[in-house]
Amino acid sequence: MVRVTEKESNYRDLDKMSVNELLTNMNKEDKTVPLAVEKAIPQLEALVDVTVEKMKMGGRLFYIGAGTSGRLGILDASECPPTFGVPFDWVIGLIAGGDTAIRKAVEFAEDDMEQAWKDMEEYGIDENDVIIGIAASGTTPYVIGGLRRANAEGLVTGCIVCNSNSPIAQEAQYPVEVIVGPEFVTGSTRMKSGTAQKLVLNMLSTSVMIQLGRVKGNKMVDMQLSNIKLVARGVRMVMEETGLDQEAASILLERYGNVRKAIESYQSLKS
């Protein structure tokens, strides 16, 4: 079983700090995270490029992780359909322990080297899919096993980790290493590491979707119109792109049920 030595916090006696001291020091640590992400942009660029290439060939993007890392992958995956209007199975987040582990820790689930591949097989995994392991420590057996098997099957593999030269980074063909340093609370990787992973996932999925044509200009023209707020946003986008007034834009959007289709239909009639 792979283990890693945790780095001690840069701060002592947290239990003796005032609330202001706690908040100020946590904020001080958090400010270092974007700088760590910036250093990993070349690695992330390579991963985005190969993911776009594979998804244009019909592949999907899988995130695999445990604990906080797994939950962050599921969060990013679940937000892609409403934001970009893509099918629910274009980006898939898997967590050690299954859906139960999203809300409640499942004991020893992350220690199973075989389970990640079994979880992916349920989705009919194939050679065009991209597998990204997410693990702050870079040592999670669930992720190591999943990437190792994916490599053996000829799939593209990547990772998002927060330690250098980790076992997971060594397994991944496209490692992204964001070295954030010791956590404010020793070993609490939901803090700086979790923030770094969220930032990287935002950048990864958004860049991929833009490259796949799911954004027009700077607008989410394929977003799902699933509530009043989003419908209103859609109407504003149609107004901006067509010059129509609110009433006409609303009628057009209601007719087509999609911002992109509404705009394109209007523009085709005008041309």
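Residues numbered from 1 in each chain as written. Predicted model: local features only at pLDDT ≥ 70, side-chain atom pairs only at ≥ 80, totals over all residues. Heavy atoms only, no water.

An unreviewed UniProt entry lists the protein under the name N-acetylmuramic acid 6-phosphate etherase, with Sphingobacterium corticibacterium as the source organism. UniProt annotates the protein under Catalytic activity (unreviewed entry) with the comment "N-acetyl-D-muramate 6-phosphate + H2O = N-acetyl-D-glucosamine 6-phosphate + (R)-lactate". What UniProt records for the protein under Subunit (unreviewed entry) is the sentence "Homodimer." (UniProt positions renumbered as here; feature names shortened; annotations may be inferred.)

**Thoughts on the overall build of the protein**
Secondary structure summary: the protein contains twelve helices and five strands in total. Overall, the C-alpha framework of the protein stretches about 65 × 50 × 35 Å when taken along its three principal axes. Scored against the burial criterion, the 271 residues of the protein give a buried share of 45%. Partitioning the contacts of the protein with sequence separation of at least 6, the portion at a separation of at least 24 is 68%. Of the accessible surface of the protein, which amounts to about 14,200 Å², a share of 50% is contributed by carbon and sulfur atoms. Both charge centroids of the protein, one from 29 positive and one from 37 negative side chains, sit 5 Å from each other. (Helix = DSSP H or I, 4+ residues; strand = E, 2+ residues; numbered from the N terminus. Buried < 20%, exposed > 50% of the residue type's maximum accessible area, 1.4 Å probe, protein only. Contact = heavy atoms within 4.5 Å. Areas by Shrake-Rupley, 256 points an atom, 1.4 Å probe, with all protein chains shown as cover. Lys, Arg positive; Asp, Glu negative; His and termini not counted. Charge placed at Lys NZ, Arg CZ, Asp CG, Glu CD.)

**Considerations on the packing of aromatic side chains**
According to the stated counting rule, one finds two aromatic pairs in the structure shown. Arranged with centres 5.1 Å apart and planes meeting at 55°, the rings of Tyr11 and Phe184 form a pair that is tilted. Note that Tyr11 is positioned in the segment before α1 (19-30) and Phe184 in the loop between β5 (174-177) and α9 (192-211), a separation of 173 residues in sequence. By relative accessible area, which is 4% here, Phe184 ends up buried. Here Phe62 and Tyr123 contribute two aromatic rings whose centre-to-centre distance is 5.9 Å and whose plane-to-plane angle is 80°, an arrangement assigned as edge-to-face. Linking Phe62 in strand β1 (residues 61-65) with Tyr123 in the loop between α6 (115-121) and β3 (130-135), this pair joins segments that are 61 residues apart in sequence. Looking at Phe62, the relative accessible area reads 0%, which means it is buried. (Phe/Tyr/Trp six-rings, centres within 6.5 Å; stacked < 30°, edge-to-face > 60°.)

**Observations concerning a nonpolar patch on the surface**
Together, Ile41, Leu199 and Met203 make up an exposed nonpolar region whose accessible area comes to about 200 Å². You can see Leu199 is positioned in helix α9. For Leu199, a relative accessible area of 30% translates into the label partly exposed. (Patch = residues over 30% accessible without salt bridge, like charges linked within 9 Å, V, L, I, M, F, W, Y side chains within 5 Å. Salt bridge = Lys/Arg side-chain N within 4 Å of Asp/Glu carboxyl O.)

**Here we look at the environment of Phe62**
Note: C-alpha distance between Phe62 and Val91 (29 residues apart in sequence) is 5.9 Å. Dropping the residues within four chain positions of it, Phe62 is found in contact with Ile92, Leu94, Met120, Tyr123, Ile125, Asp129, Val130, Ile131 and Ile132.

**Considering the UniProt feature "active site" (unreviewed entry) in the protein**
Per the UniProt record, "active site" (unreviewed entry) is found at Glu79 and Glu110. Spatial dispersion of the annotated residues is evident: they stretch over 32 residues in sequence, and the largest pairwise C-alpha distance comes to 24.1 Å. The residue Glu79 is located in helix α4 (residues 67-84) in this model. Given the relative accessible area of 37%, Glu79 is considered partly exposed. Checked against the element boundaries, Glu110 lands in the loop between α5 (100-103) and α6. Looking at Glu110, the relative accessible area reads 33%, which means it is partly exposed.

**Section: the side chain of Asp222**
Examined against the element boundaries, Asp222 turns out to sit in the loop between α9 and α10 (228-242). By relative accessible area, which is 8% here, Asp222 ends up buried. Setting aside chain neighbours within four positions, we find Asp222 in contact with Thr83, Phe84, Gly85, Gly213, Arg214, Asn258 and Arg260.

**Re the sheet that holds β3**
Read from one edge of the open sheet, five strands run β2-β1-β3-β4-β5, paired in parallel fashion. Of all strands in the sheet, those with a lone pairing partner are β2 (91-95) and β5, marking the two edges. Pairs of neighbouring strands in the sheet enclose a mean axial angle of 15°, with direction left out of account. Of the pairings in the sheet, the one linking strand β4 (residues 156-161) to β5 comprises four bridges and is parallel in character. Within the sheet, the bridge partner assigned to Cys159 lies in β5 and is Pro175. Relative to β1, helix α7 (residues 141-152) is tilted by about 145°, and along the sheet it contacts β1, β2, β3 and β4. Lying on the sheet, α9 is in contact with β1, β2, β3, β4 and β5; it crosses β3 at an angle near 165°. (Pairing = 2+ DSSP bridges. Axes fitted to C-alpha atoms, helices over the stretch in contact; angles between N-to-C directions.)

**Overview of the side chain of Thr140**
Take Thr140: it is sitting in the loop between β3 and α7. Relative accessible area serves as the criterion here: at 9%, Thr140 is assigned to the buried category. With near-sequence residues (within four places) excluded, Thr140 lies in contact with Ala66, Glu110, Ala135 and Ile168.

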